[in-house]
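Structural features, examined
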Amino acid sequence: MRAGGAMLEDNFIIRGIEFKSRFWIGTGKYKDFEETARVIEASGADVVTVAVRRVNIIDRNSPNLLDFIDPGKYKILPNTAGCYNVEDAVRYSRLAREAGVSDMIKLEVIGDEKTLFPDTIGLLKATEILAKEGFIVFPYTNDDPIMAKRLEDAGAAAVMPLGAPIGSGLGIRNPYNLKIILESAKVPVIVDAGVGIASDAAVAMELGCDAVLINTAVAGAKEPVLMAEAIKYAVWAGRLAYKAGRIPKKLYATASSPIEGML
Amino acid sequence: MKIKINGEELRTDRRVLSELLEELNIQPGRVAVEVNLKIIRKADYDTHPIMEGDNIEIVNFVGGG
């Protein structure tokens, strides 16, 4: 693989769907929909996540997100953010599917308001139910290799372990667990949550993750469009570095210049 | 008749779901509708009757991570 143009052809496939970018982006917390659209464009992402919420029936002329993100151009990945139990997560998933873009669902069953860590027991149950109903389930999970296997067995199309708590910007807190997940999982691994800045995304990709999903690191940056572009390059850099293969870490030095020919 | 939409009590004289959505200026293509906790398929919007006391939820996509 060559840098530059060839990087754009580094596609991957999940359940027959071809993904053209390894940088997946969230659409929450932007100033307005115009900024959201500019950020998505700069990110080069082709997957954008959205949430499912009540239509504003009071202000009936309020703009609609999908006026700014063309579902023909981008893959819309609805989430079940805000769901704290299996019933709600399944209900939101079914509504999302009916709202009509695809069978994909970024499944969240949240266990606790303060950490927003997943309730993995509920997550497993909801994954089972939705996979049986034909959903393409992307569960947001802990960086737990055993749970990743369980989710895979339950029919998850990929697993989305967190790097750190949602919106925390702490980066990849447990690269060793991610490495184990990557070694043991047969489904793609997409880091979801925790990335704070471009280099965090590069770390995830260098480990061998298939993609990263990022929202707050971009939306919360002083210049979201610039950060989207920075992370785009970091994801490419990390992916190329993974393909290139890192050198082993050693305690002592190895000279780069030859001894031969010295005076 | 009195119905509830997204938690708000409303009065309407529309008889079927598609007419109600039109009254609310909502494009059916971008929403999902639940009536009394049951999802209504888009193909049924034209025929699904609105009944007194219906509890209707209409959702769409908003920004999220």
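Anyway, here's the lowdown on the structure attached to this text.

The rules we used
Residues numbered from 1 in each chain as written. Chains lettered and ligands numbered in written order. Predicted model: local features only at pLDDT ≥ 70, side-chain atom pairs only at ≥ 80, totals over all residues. Heavy atoms only, no water. Helix = DSSP H or I, 4+ residues; strand = E, 2+ residues; numbered from the N terminus. Contact = heavy atoms within 4.5 Å. Areas by Shrake-Rupley, 256 points an atom, 1.4 Å probe, with all protein chains shown as cover. Core = buried A, V, L, I, M, F, W, Y, C linked by side-chain atoms within 4.5 Å. Buried < 20%, exposed > 50% of the residue type's maximum accessible area, 1.4 Å probe, protein only. Pairing = 2+ DSSP bridges. Axes fitted to C-alpha atoms, helices over the stretch in contact; angles between N-to-C directions. Parallel < 35°, antiparallel > 145°, perpendicular 65-115°, else oblique. Left-handed = near helix turned anticlockwise from the far one by under 90°. Nonpolar A, V, L, I, M, F, W, Y, C, P; charged D, E, K, R; others polar.

What follows concerns the overall build of chain A. Summing up its helical and strand segments, chain A has eight helices and 10 strands in all. Overall, chain A is about 85 × 40 × 35 Å in size when its C-alpha atoms are taken along their principal axes. In chain A, of all internal contacts separated by at least 6 residues, the share reaching a separation of at least 24 is 65%. Summed over all atoms, the accessible surface of chain A reaches about 12,800 Å², with 54% contributed by carbon and sulfur.

Residues I25(A), V212(A), I214(A), V218(A) and I231(A) are the most contacted members of the largest nonpolar core, which totals 65 residues. If we skip the residues at most four places from it in the chain, V218(A) touches F23(A), I25(A), Y30(A), V39(A), P224(A), M227(A), A228(A) and I231(A). One finds I3(B), L20(B), I40(B) and I50(B) within the second-largest nonpolar core, a separate group that totals 17 residues.

What follows deals with the sheet that holds strand β8 (residues 160-161) of chain A. Residues and elements named next belong to chain A. One open sheet holds the three strands; their spatial order is β6-β7-β8, and the pairing between them is parallel. The sheet terminates laterally at β6 (104-107) and β8, the two strands that pair on one side only. The pairing of strand β7 (residues 136-141) with β8 spans two bridges and is classified as parallel. Its bridge partner being in β8, Y140 is matched across the sheet by M160.

Residue and element names in this part refer to chain A. Contact pair helix α6 (residues 198-207) / helix α8 (residues 224-244): the axes reach a minimum separation of 7 Å and the direction vectors enclose 25°. Classified by the angle their axes make, α6 and α8 are roughly parallel. Relative to α8, α6 is oriented so that their crossing is right-handed. Each of A198, A201, A202, M205, E206 and L207 in α6 lies in contact with α8, whose residues at this interface are M227, A230, I231, A234, V235, G238, R239, A241 and Y242. Partitioned by chemical class, the residues of the contact of α6 with α8 number 12 nonpolar, one polar and two charged.

By the element assignment, V50(A) lies in strand β4 (residues 47-54). Residues V50(A) and A96(A) lie 46 residues apart in sequence; the distance between their C-alpha atoms is 9.6 Å. Non-local contacts of V50(A), meaning those with residues more than four positions away in its chain, are made with T27(A), L65(A), I76(A), L77(A), P78(A), N79(A), F61(B), V62(B) and G64(B).

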